[in-house]
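In case you want the letters, here they are:
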Amino acid sequence: MHVKKGDKVQIISGQYKGHVGEVIKAFPKENKVIVEGANIQIKHQRAMQMGGESGRLEQEGPIDASKVLLYSEELGRGVRTSKVFEDGRKIRVSHKTNEKFD
């Protein structure tokens, strides 16, 4: 998967197209990520005990990783990346600006 937890990404398609946020959680086996402030879902919850929290809770839902690109601060938009070996480590590099993300 080309993104991981903590990356700043831009959503490139769907209802939240253009939204920029941080990856909160990544699910590599399912190829999905949860982006901060995107794909808001409402969950109705009952109170589990007297005086407990109940009501409508808003939380981010997972979206497919193919719908996000790493966000480049230089260009101010999402960029495609490739993986390059450098000093025995695999790092992600932008195609257009050669900006390193690791």
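Use the structure listed above.
Residues numbered from 1 in each chain as written. Predicted model: local features only at pLDDT ≥ 70, side-chain atom pairs only at ≥ 80, totals over all residues. Heavy atoms only, no water.

Some thoughts on the pattern of salt bridges
Rules: The term salt bridge refers to a side-chain nitrogen of Lys or Arg lying within 4 Å of a carboxyl oxygen of Asp or Glu. Secondary structure elements are taken from DSSP: a helix is a run of H or I of four residues or more, a strand is a run of E of two residues or more, and numbering for both begins at the N terminus. Accessibility here uses a 1.4 Å probe with only protein chains present; expressed as a share of the type maximum, an area under 20% marks a residue as buried, one over 50% as exposed, and anything in between as partly exposed.
Under the definition given, this model contains three salt bridges. Among the salt bridges present, the one from Lys8 reaches Glu73, with a minimum N-O distance of 3.2 Å. Note that Lys8 is positioned in strand E1 (residues 8-11) and Glu73 in the loop between strand E7 (68-72) and strand E8 (77-79), a separation of 65 residues in sequence. Assessed through its relative accessible area of 53%, Glu73 is described here as exposed.

Topic: the side chain of Glu99
The condition that has to hold: Neither His nor the chain ends is counted toward charge; the positive residues are Lys and Arg and the negative residues Asp and Glu. Within 3.5 Å is the distance limit for a polar contact, defined as a pair of N or O atoms, with the added protein rule that one can donate a hydrogen and the other accept it, and that residues adjacent in sequence qualify only through two side-chain atoms. In this analysis, two residues are considered to be in contact whenever any of their non-hydrogen atoms come within 4.5 Å of each other.
By the secondary structure assignment, Glu99 is in the segment after strand E10 (89-94). In this structure, Glu99 is buried with no salt-bridge partner, the nearest side chain bearing the opposite charge being Lys8 at 9.9 Å. A polar side-chain atom of Glu99 sits 2.6 Å from a polar atom in the side chain of Ser72. In this structure Glu99 touches Ser72, Glu73, Glu74, Arg92, Val93 and Ser94, once residues within four positions along its chain are discounted.

Quick notes on the environment of His2
Tracing the chain through its elements places His2 in the segment before E1. Sequence separation of His2 and Met48 is 46 residues, and the distance between their C-alpha atoms is 39 Å. Apart from residues no more than four positions distant in its own chain, His2 is found in contact with Ala65, Val68, Leu70 and Arg92. At 3.0 Å, the side chain of His2 forms a polar contact with the backbone oxygen of Val68.

Some words on the pairing of strand E3 (residues 32-35)
For a regular strand, side-chain orientation follows a simple rule: the groups alternate between the two sheet faces. How we decide: Pairs of strands are assigned from DSSP output, requiring at least two bridges between the strands.
As paired elements, strand E2 (residues 20-27) and E3 share four bridges and run antiparallel to each other. Within E3, the position partnered with Val23 by the bridge is Val35. For E3 and strand E6 (residues 63-64), the ladder comprises two bridges, and the chain directions are antiparallel. Looking at the pairing, Lys32 lines up with Asp64 of E6.

A look at the sheet that holds E2
The six strands lie next to each other as E6-E3-E2-E1-E7-E8, forming an open sheet whose pairing is antiparallel. Each having just a single partner strand, E6 and E8 make up the two edges of the open sheet.

Spatial relationships are all this shows, so hold off on functional conclusions.
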